[in-house]
Amino acid sequence: MERIYCSELSLEMVDEEVRLCGWVHRLRDLGGITFMQFRDRSGLVQVIADPKKVRQASDIHAEDVVEIRGTVRSRPPEQVDSRLGSGHVEVEADSIKILNRARDLPFSVEREELLPAEEMRLRYRYLDLRRPSMTANIGLRHKMMQIGRNYLSSRGFWEIETPILAKSTPEGARDFLVPSRTMKGTFYALPQSPQLYKQILMVSGMDRYFQFARCLRDEDLRADRQPEHTQVDIECSFAEEKDIQTLVEGLFHLWIKEIKGEFLETPFPRMSYAECMERFGSDKPDLRNPIQLLTVTDRFRGSEFRIFASIVEQAGTVRAIRLKEAANWSRKDVDSLAEEVKPFGFPGVAWVRKTGAELSGTLSKFMNTNELAEGELYLALAGTDLRVLNQAMSRLRDVCGRIAGVVDESKYAFLWVTDFPMFEMDPITGQIAPAHHIFTSPQVTDLQLLDSEPLKVKGRLFDLVLNGTELGSGSVRCHSRELQEKLLKIAGIEPRYFDFFLAALESGAPPHAGIGMGFDRIVAIFAGLESIREVIAFPKTTSGQGLMEGQPASVACFQLDELGLKFVKKEEQG
């Protein structure tokens, strides 16, 4: 008899004999009858067994692996479980075969509300993945990947794999290096992205490429960052910004329709980087939050509020938020804002609120009552480093939106952010560095600035933002060897590292554009989860460890010898 899944059971199968294979999820004994919640990858179903007829029914335990043969029965109306897809039926067991026993387990799989610490979950990931919510997350990931594959394939894109063993190049984060055994002293690098390969594919005439690519970066880990992630990678010849944007909008429209059953309006709004920074203090604003920032430097120029006035005298900037209906904010709410800006080096937030004809707050003596509306709360920060000031104000905006309750959590607020600067001044080295994607074509109108004022050059760049999270970054690529060499030199990167790529560009490279989007983050958002670890089968910890298998791990001395490597103690160096 062919095995079937729980999700396939329905009222149409009543009185049919079926064969189920999976795990014992939960057991109850009522009046000498065993009631089992049986689980497989697709879901749960209730199985009833009489130990007098089915001997093994009294000898099974939670998480045992079993094969059940039985007959589908309809459940009485009062016993229908609407939480289960199979909740209208149950299986009356004729036989139970124990395929494997589960020994004492470190935590319960069936008690979702009693989750152990994440470290324990990652150490026993094979148990954690059995939980129905985790199985659903992995299933969602699969479904979204298949929808994406079908969508792109139907539009003439080919799925092409690019190498995992690549060349180390200096334009990104630190590479994971793999030493060569056969050519000692040389190394491969694991790819941070397929960027150069996918552009070379365009030069090769492949025309339209996509890949769910594995990307690896040996960077300092932050909360919810992984050393390896999956990227929806797309490249298209003879394409411009709008072509890639329209393609991606169609993909998200389909994902929303198929996964959420909702309609997503397209095209997404566009906003320049400069406008984003002015209005929101961030290049990835959450547009569900209507609060905007104001630049009020002139208001405090020469002000008696000397803290701000002195910063303005040093060519600093004052930025503010006006909350029109904040009469119900408690003093505790206002005071809590100071903690939000301290990580950015600000001791607190200057504020004033109007209640009736009275002003209260740190700015109450330095502002007039006619400057504020009734119940309005005015918050301000000043600084000489505009970048840090904007970061603090953006954080303040997010927190104020949450406290004020003005963020509609049910919405999907997409945004294309465009016209990013190509270069920036590295605050540590004082040298010009890439601000974004160095393989991007500059705006045509800014080409004449490359030699004289490179910091003013804007690129043909576009980031996709959803609800305050950057999902991906795309651009129209530079397909001229001469121009690409110039961009590398301005950024302080030696072109010789990219000889193979530059040679390809001068062999008849077509105009092309593309984008890379973080698939793990996209799936997490669709699942309504904060952490991408919840949608990755075997994630690392925040310190980059694989607790289940115990990695990274030491290796045998002979393996190092084969690679021509040895450990050198610090005192032996130099």
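These numbers were taken from a predicted model, which means no experiment stands behind them.

Asks: Would you explain the overall build of the chain in this entry?
Replies: When helices and strands are tallied, the chain shows 13 helices and 22 strands. Along the longest, intermediate and shortest principal axes, the C-alpha atoms of the chain span 90 × 75 × 60 Å. Relative to its 574 residues, the chain shows a buried fraction of 46%. Partitioning the intrachain contacts of the chain with sequence separation of at least 6 by distance along the chain shows that 66% fall at a separation of at least 24. Carbon and sulfur atoms form 50% of the exposed surface of the chain, whose accessible area is close to 29500 Å². Positive and negative charge centroids in the chain, built from 74 and 85 side chains respectively, lie 2 Å apart.

Asks: Help me understand the domain arrangement of the chain in this model?
Replies: Interfaces are frequently sized by the accessible area removed from exposure as the parts join. According to the domain assignment, the chain contains domain 1 (11-100), domain 2 (160-272 + 414-557) and domain 3 (289-404). Taking only C-alpha atoms into account, the centre of domain 1 sits 62 Å from that of domain 3.

Asks: Help me out: how do you make sense of a nonpolar patch on the surface in this one?
Replies: A contiguous nonpolar patch, built from Tyr-126, Phe-538 and Met-548 and spanning about 300 Å² of accessible area, is present on the exposed surface. Within the element layout of this structure, Met-548 appears in the loop between helix H12 (519-527) and helix H13 (557-563).

Asks: What is the right way to look at the pairing of strand E4 (residues 65-74) in this model?
Replies: Along any regular strand the residues' side chains alternate between the sheet's two faces. Relative to E4, strand E1 (residues 17-30) runs antiparallel, the two sharing seven bridges. Paired with Trp-23 across the strands is Val-65, a residue of E4. Judged from the 10 bridges that link them, E4 and strand E5 (residues 89-100) form a sheet pairing that is antiparallel. Residue pairing across strands places Ile-68 opposite Ile-96, the latter belonging to E5.

Asks: So what exactly am I meant to see when it comes to the sheet that holds strand E16 (residues 377-383) here?
Replies: Each strand in a sheet pairs with another by means of backbone hydrogen bonds, the pair being arranged parallel or else antiparallel. In space, the five strands of this open sheet follow the order E12-E13-E16-E14-E15, with antiparallel pairing throughout. The open sheet has two free edges, formed respectively by strand E12 (293-295) and strand E15 (358-360), since each of these has just one partner strand. Sheet twist, expressed as the mean angle between neighbouring strand axes with direction ignored, is 25°. As judged from the three bridges shared by E12 and strand E13 (residues 317-323), these two strands associate in the antiparallel manner. Looking at the pairing, Leu-293 lines up with Ile-321 of E13. Against the sheet, helix H6 (residues 273-280) makes contact with E12 and E13, and its axis sits at roughly 95° relative to E12, the strand it touches most. Across the sheet, helix H9 (residues 386-404) lies against E12, E13 and E16, angled at about 10° from E13, the strand it touches most.

Asks: Please explain the environment of Asp-243 as it appears in this structure.
Replies: Relative to the assigned elements, Asp-243 resides in helix H5 (residues 241-260). Among the polar contacts listed, one links the side chain of Asp-243 to the backbone nitrogen of Glu-240, at a separation of 2.7 Å.

Asks: Sorry, what's going on with the side chain of Lys-198 here?
Replies: Mapped onto the elements of the fold, Lys-198 is located in helix H4 (residues 195-203). Judged by relative accessible area, which is 1%, Lys-198 ranks as buried. Apart from the residues within four sequence positions on either side, Lys-198 is in contact with Tyr-209, Asp-233, Ile-234, Glu-235, Arg-477, Ile-515 and Gly-516.

Asks: Would you mind going over the sheet that holds strand E3 (residues 43-49) with me for this structure?
Replies: One closed barrel holds the five strands; their spatial order is E1-E2-E3-E5-E4, and the pairing between them is mixed. Going across the sheet, the axis of each strand differs from the next one's by a mean of 55°, ignoring polarity.

Asks: Sorry, what's going on with the nonpolar core here?
Replies: Among the nonpolar cores identified, the biggest contains 41 residues, and Ile-234, Phe-252, Trp-255, Leu-464 and Met-517 are the most heavily contacted of them. Top contributing element to this core by residue count: H5, with seven residues.

Asks: Where do I start with the packing of aromatic side chains in this structure?
Replies: Each aromatic ring pair is described using two quantities: the centre-to-centre distance and the angle formed by the ring planes. Under the counting rule described, the total for this entry stands at 16 aromatic pairs. Aromatic pair Tyr-124 and Tyr-126: ring centres 6.2 Å apart, planes at 80°, arrangement edge-to-face. Residue Tyr-124 is classed as partly exposed on the basis of its relative accessible area, which comes to 26%. Exposure remark for Tyr-126: the relative accessible area of 46% places this residue in the partly exposed category.

Asks: Looking at this model, I keep getting lost on the environment of Glu-562. Mind explaining?
Replies: Residue placement: Glu-562 occurs in helix H13. Expressed as a C-alpha distance, the spacing of Glu-562 and Arg-181, which sit 381 residues apart in the sequence, is 6.1 Å. Beyond its immediate stretch of four places on either side in the chain, Glu-562 contacts Arg-181 and Lys-184.

Asks: Please clarify how the packing of H5 against H12 should be interpreted in this entry.
Replies: Packed helix pairs are specified by the crossing angle of their axes together with the interaxial distance, meaning the distance between the axes. Taken N-terminus to C-terminus, the directions of H5 and H12 make an angle of 40°; their axes are 12 Å apart at the nearest point. The angle between H5 and H12 places the two elements in the oblique class. Two packed elements cross with a definite hand, and for H5 against H12 that hand is right-handed. Seen from H5, the contacting residues are Phe-252, Trp-255, Ile-256, Ile-259 and Lys-260; seen from H12, they are Phe-519, Ile-522 and Phe-526. Residue classes in the contact of H5 with H12 are distributed as seven nonpolar, no polar and one charged.

Asks: Can you walk me through H6 in this structure?
Replies: Note: α-helices contain 3.6 residues per turn, so residues at a spacing of three or four share the same orientation. Within H6 the residues assigned to the buried category are Cys-276, Met-277 and Phe-280. Across the axial projection of H6, the buried residues extend over an arc of 105°, all falling on one side. Residues of H6 that are buried sit in contact with strand E11 (270-272), E12, E13, H9 and strand E17 (414-418). A positive backbone phi angle near 75° is found at Gly-281, which sits one or two residues after H6.

Asks: Explanation requested: the packing of helix H3 (residues 132-154) against H5 in the structure shown.
Replies: Between H3 and H5, the least distance of the axes is 10 Å, while the angle of their chain directions is 135°. With respect to each other, H3 and H5 are oriented oblique. Pair H3 / H5 crosses with right-handed handedness. Each of Leu-140, Lys-143, Met-144, Ile-147, Gly-148, Tyr-151 and Leu-152 in H3 lies in contact with H5, whose residues at this interface are Thr-246, Leu-247, Gly-250, Leu-251, Leu-254, Trp-255, Glu-258 and Ile-259. Class assignment of the residues belonging to the contact of H3 with H5 gives a composition of 10 nonpolar, three polar and two charged.

What counts as what
- Going along each chain's sequence as written, the residues are numbered from 1 onward.
- In view of the model being predicted, local features appear only for residues whose pLDDT reaches at least 70, and side-chain atom pairs are presented and counted only at 80 or more, with totals across whole chains, interfaces and linings using the full set of residues.
- Heavy atoms throughout the structure, all of them, feed into the side-chain values; hydrogens and water do not.
- Helix and strand assignments follow DSSP, with helices taken as H or I runs no shorter than four residues and strands as E runs no shorter than two, numbered in order from the N terminus.
- Burial classes: relative accessible area under 20% of the type maximum marks a residue as buried, over 50% as exposed, and values in between as partly exposed (1.4 Å probe, protein chains only).
- In this description, contact between two residues means that some pair of their heavy atoms is separated by no more than 4.5 Å.
- The accessible surface values rely on the Shrake-Rupley method and a 1.4 Å probe; as for residues, cover is taken only from the protein chains in view.
- Counted charges follow a simple rule, with Lys and Arg positive, Asp and Glu negative, and His plus the chain ends left uncounted.
- Lysine's charge is taken at NZ, arginine's at CZ, aspartate's at CG and glutamate's at CD.
- For the purposes of this description, domain bounds are those given by an automatic or database domain assignment.
- What makes a patch is a set of residues exposed beyond 30% relative accessible area and free of salt bridges, joined within 9 Å when like-charged and within 5 Å when nonpolar (Val, Leu, Ile, Met, Phe, Trp, Tyr).
- Each salt bridge in this description consists of a side-chain nitrogen of Lys or Arg and a carboxyl oxygen of Asp or Glu lying within 4 Å of one another.
- Strands were regarded as paired on the criterion that DSSP finds at least two bridges between them.
- Helix axes use the C-alpha atoms of the stretch in contact, all axes being lines fitted to C-alpha atoms, and the angles between their N-to-C directions lie in the range 0 to 180 degrees.
- Whenever a nitrogen or oxygen atom comes within 3.5 Å of another N or O atom, the pair is scored as a polar contact, on the condition that within protein one atom can donate a hydrogen and the other can accept it, and that pairs from neighbouring residues in sequence are kept only if both atoms are in side chains.
- Put simply, buried Ala, Val, Leu, Ile, Met, Phe, Trp, Tyr and Cys residues joined by side-chain atoms within 4.5 Å make one nonpolar core.
- For this analysis, a ring pair means two rings from Phe, Tyr or Trp (six-membered ring only for Trp) whose centres lie within 6.5 Å, classed as stacked if their planes differ by under 30 degrees, edge-to-face if by over 60, and tilted for the remaining angles.
- Comment on the angle field: the value is read as roughly parallel under 35 degrees, roughly antiparallel over 145, roughly perpendicular from 65 to 115, and oblique elsewhere.
- For any helix crossing, the convention is left-handed if the near helix is rotated counterclockwise from the far helix by under a right angle, and right-handed if that rotation is clockwise.
- Under the scheme applied here, ten amino acids are nonpolar (Ala, Val, Leu, Ile, Met, Phe, Trp, Tyr, Cys and Pro), four are charged (Asp, Glu, Lys and Arg), and all others, including Gly, are polar.
- Starting at the helix axis, one direction is taken to each C-beta atom, and the arc is that of these directions.

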